[in-house]
Every structure is written in structure tokens, then in C-alpha cells.
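Given next are the chains, with one letter for each unit.
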Amino acid sequence: MKDLAGKTAFVTGAASGIGLGVARALAQAGAKVMLCDIEEAALKTALEGLRRTNVDVDSVKADVSLKAELQAAADATIARYGKVHILVNNAGVGGGGDYGQWTDASWNWTLGVNLMSVIWGIEIFGPLIEKHGEGGQIVSTASIAGLLAAATASYNVTKYGVVALSEGLRASLAPRGIGVSVLCPGFVRTQIMNSRRNLPLRFSGAVESLPTEGPVAEFVSAAVSAVANGVDPLYVGELVREGIENDWPYIFTDTEFEPAIEARFAAIKQGFDRIRARKPRR
Ligand SMILES: NC(=O)c1ccc[n+]([C@@H]2O[C@H](COP(=O)([O-])OP(=O)(O)OC[C@H]3O[C@@H](n4cnc5c(N)ncnc54)[C@H](O)[C@@H]3O)[C@@H](O)[C@H]2O)c1
């Protein structure tokens, strides 16, 4: 995907933060972009803002945690642009509480938005990309929490899932002309810490409030300030554009967590070291 001019991209979670940064960077590179989001008013504002820069963009509202809505958004993209080359599975939510606080509703919300939408996105858009034979790219937004279990349980699980899915599909989609990248951002200056603004109606009242004291509350308060001082989302969008142009397997936003990830690899290696001299009984 060396030349993005004239190609079509579908970006989820495009009304805010990283998704909007990606949509803007791709549109600036000459791609046509279909912005998809659950938050209608923010989507309208994002679309109007981008159109002022004279780019070819449109929008479709969908709750990506519902497969039928994602399918309808794909149909709308084909109806509008004819083809699609780039899928950016980016919509995501901070999710529910940690051990002792979680509920089925909070798991279902987080799994639905952060993981099932990525699985369905690939299932729905993969064949659409394959069909035109011009090649394409799938980028899915995981997190540093996809490589380090550093956030709440449901968030970590969904983000590890996105990394596993992307790593596994890279080899099987390459011969079909589709590159696969996973975006693992560190802290980015977005509205992620206010994810509950878009809690789908079917979960309302069923997702626990986050605790106001204790370790999770401390984690949340530190994360709020780290996100407020995070990387510029348009800078992340420009990295994603570069990642698409060069088929990067992993797209990172900064090196803040590299030592912690190295420490995780070292802990895994220690696990092997512990049993290295033994001969497994078979
Ligand atoms: N901001 C960070 O520090 C950070 C770090 C690592 C990973 N991420 C990931 O980046 C992605 C983008 O988040 P962000 O930080 O830009 O936050 P954000 O809240 O600014 O943007 C997320 C967008 O997703 C949309 N969305 C939420 N639920 C949806 C649904 N059911 N259907 C469709 N759209 C939905 C929201 O309306 C919003 O526009 C997420 O996957 C998040 O987990 C963010």
C-alpha cells in the first residue's frame, strides 16, 4: 500500500482520539475515508471538521459491538465508495472493573467493542478487500496492555486477543494480498478515560461504577493524568499511515514501556530456565 491516494479506508472509533487522528492522516494522504462511530454528534462534528480541509470523507453510525450494525456499515461503505482497501479496527473502551468488581455486563461490553468487533471487522471486510485484487491492509488497535497485563482484567484480555489475532493472521492473509498490523499505543491524549459516555443502551445500569478508593481508583487517577499528557492523536495517525505504507507488523507510539515489556520477556525466559535441565516424562 505504498500509495494511499485514491484508496478507501474504513475507520472505527473515528469520531474521537486515535481514530480521528488516523482518519485525518489517511485523508491527508489522499485516501477516501469512511468514519464509523457510535457517537452520532461527535461523528458529525468530526466529519464537518475534516470536510473543511477539502478531503473525501463520509460517515456511518454503528455500534461495532453488534455484528449486524458493522455489516450495515460495510454495506454503506461499498455503496458510497465501491471498494475498500484499508480497515482500521480502532474503536475501544476502557472497560469494567477489576477482580471483585467485574460483572458479566462489563465483560460483554469490553469483549464486544474491543475484541469481537475486530474479529467481525476482519470477517466482513477481509473478503471485500480480497475481491478487488488491489491489495490492502488491516490495522487493529490493541494497546501496550496487549503485551503487558497492566490495565484492568477485561481490557488486558481484549487487547492480548487483538495482538494474538493480528500476529496469527499476518501469515495467512499475506498471500491474499492483505497486510496485517497491530497498533500498540502507550498513553495518547484522547477521551478513553471517559469511555462510559458511549455505553450501549443494552448495558445501561448493568456495568459497575469504577471504585473511588483502593488500587483500581489509584490506577485510574494515574491513567487519567498520563492520558491527559499523552501523545498527540494526529501524530499516532501519521505513524499508522507510515505503518500501512510499509506493512509494519507492530506500530508503537513511543518507547516508554519498552523496559517493562523486556522485563516480561525476561520473566517468561526464567520460566524456561527453571525447567531447562529436566527431561520431560512422556
Ligand atoms: N488513549 C490511550 O492512551 C490508548 C492507549 C492504548 C490503546 N488505546 C486504544 O485506542 C483506541 C481508540 O481509543 P481512544 O484512546 O482514541 O479513545 P476515545 O474515547 O477518544 O475514542 C474511542 C472512539 O471509539 C468509539 N466507540 C466506543 N464504543 C463504540 C462502539 N460500541 N461502536 C463504535 N464506536 C465506539 C467512541 O465513540 C470514540 O469515538 C481504543 O481501542 C483504545 O483501547 C488508547
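This one's a predicted model, so the numbers in the text were calculated from it and none came from an experiment.

Taken together, the side chains of F265, I268, F272 and I275 define a hydrophobic patch exposed on the protein surface, amounting to about 410 Å² of accessible area. By the element assignment, F272 lies in helix α8 (residues 258-275). Residue classification places F272 among the exposed residues on the basis of a relative accessible area of 52%.

Quick look at helix α3 (residues 67-81) now. The terminal C-alpha atoms of α3, which comprises 15 residues, lie 21 Å apart, in line with the 21 Å expected from a rise of 1.5 Å per residue. Three or more residues of α3 are buried, namely L70, A73, A74, T77 and Y81. Projection of α3 onto a plane perpendicular to its axis shows the buried side chains occupying an angular sector of 100°, all on one side. Of the residues in α3, the exposed ones pointing more than 90 degrees away from the buried face are A68 and A79. Buried residues along α3 sit against β1 (8-12), β2 (32-37), β3 (57-61) and α4 (104-132). At the C-terminal side of α3, G82 shows a positive phi close to 85°.

Of all six residues that make up β2, five are buried, and the element is covered over most of its length. Where β1 lies against β2, five bridges are found, and the strand directions are parallel. Its bridge partner being in β2, T12 is matched across the sheet by C36. Regarding topology, helix α1 (residues 17-28) serves as the crossover connection from β1 to the parallel β2, and that connection is right-handed. The sheet contact formed by β2 and β3 spans five bridges and is parallel. When the bridges of β3 are listed, D37 appears paired with K61.

So, on to the packing of aromatic side chains. As enumerated under the stated definition, the model contains five aromatic pairs in all. Considering the side-chain rings of W102 and W107, the 5.3 Å spacing of their centres and the 80° angle between planes classify their relative orientation as edge-to-face. The class of W107 is buried, set by a relative accessible area of 17%. Measuring from ring centre to ring centre gives 6.3 Å for Y250 and F252, while their planes differ by 15°; the resulting arrangement is stacked. Judged by its relative accessible area of 35%, F252 is partly exposed. Among the aromatic residues, ring-to-ring pairing joins Y99, W102 and W107 into one connected group.

We now examine the packing of α3 against α4. Interaxial distance between α3 and α4 falls to 10 Å at its minimum, and their mutual angle equals 30°. Comparing their axes, α4 and α3 come out roughly parallel. Along this stretch, α3 crosses α4, giving a crossing that reads as right-handed. Mapping the contact onto sequence places K67, L70, Q71, A74 and I78 in α3 and S117, W120, G121, E123, I124, F125 and L128 in α4. Residue classes in the contact of α3 with α4 are distributed as seven nonpolar, three polar and two charged.

Bringing unusual backbone geometry into the picture now. A positive phi is found at N54, a non-glycine position, where the angle reads about 65°. Mapping N54 onto the fold places it in the loop between α2 (40-51) and β3. A relative accessible area of 72% places N54 in the exposed class. The backbone of D247 sits at a positive phi, close to 50°, despite the residue not being glycine. Mapping D247 onto the fold places it in the loop between α7 (233-246) and β7 (250-252).

With respect to the secondary-structure elements, S117 resides in helix α4. Look at S117 and you get buried, because its relative accessible area is 5%. Discounting chain neighbours no more than four positions away, the residues touching S117 are V64, L70, N89 and G112.

Each value, and the rule that gives it
- Residues numbered from 1 in each chain as written.
- Predicted model: local features only at pLDDT ≥ 70, side-chain atom pairs only at ≥ 80, totals over all residues.
- Heavy atoms only, no water.
- Patch = residues over 30% accessible without salt bridge, like charges linked within 9 Å, V, L, I, M, F, W, Y side chains within 5 Å.
- Areas by Shrake-Rupley, 256 points an atom, 1.4 Å probe, with all protein chains shown as cover.
- Salt bridge = Lys/Arg side-chain N within 4 Å of Asp/Glu carboxyl O.
- Helix = DSSP H or I, 4+ residues; strand = E, 2+ residues; numbered from the N terminus.
- Buried < 20%, exposed > 50% of the residue type's maximum accessible area, 1.4 Å probe, protein only.
- Expected span 1.5 Å × (residues − 1).
- Arc of directions from axis to C-beta.
- Contact = heavy atoms within 4.5 Å.
- Pairing = 2+ DSSP bridges.
- Right-handed = clockwise from strand over helix to strand, strands pointing away.
- Phe/Tyr/Trp six-rings, centres within 6.5 Å; stacked < 30°, edge-to-face > 60°.
- Axes fitted to C-alpha atoms, helices over the stretch in contact; angles between N-to-C directions.
- Parallel < 35°, antiparallel > 145°, perpendicular 65-115°, else oblique.
- Left-handed = near helix turned anticlockwise from the far one by under 90°.
- Nonpolar A, V, L, I, M, F, W, Y, C, P; charged D, E, K, R; others polar.

Coordinates in, geometry out; function isn't part of it.
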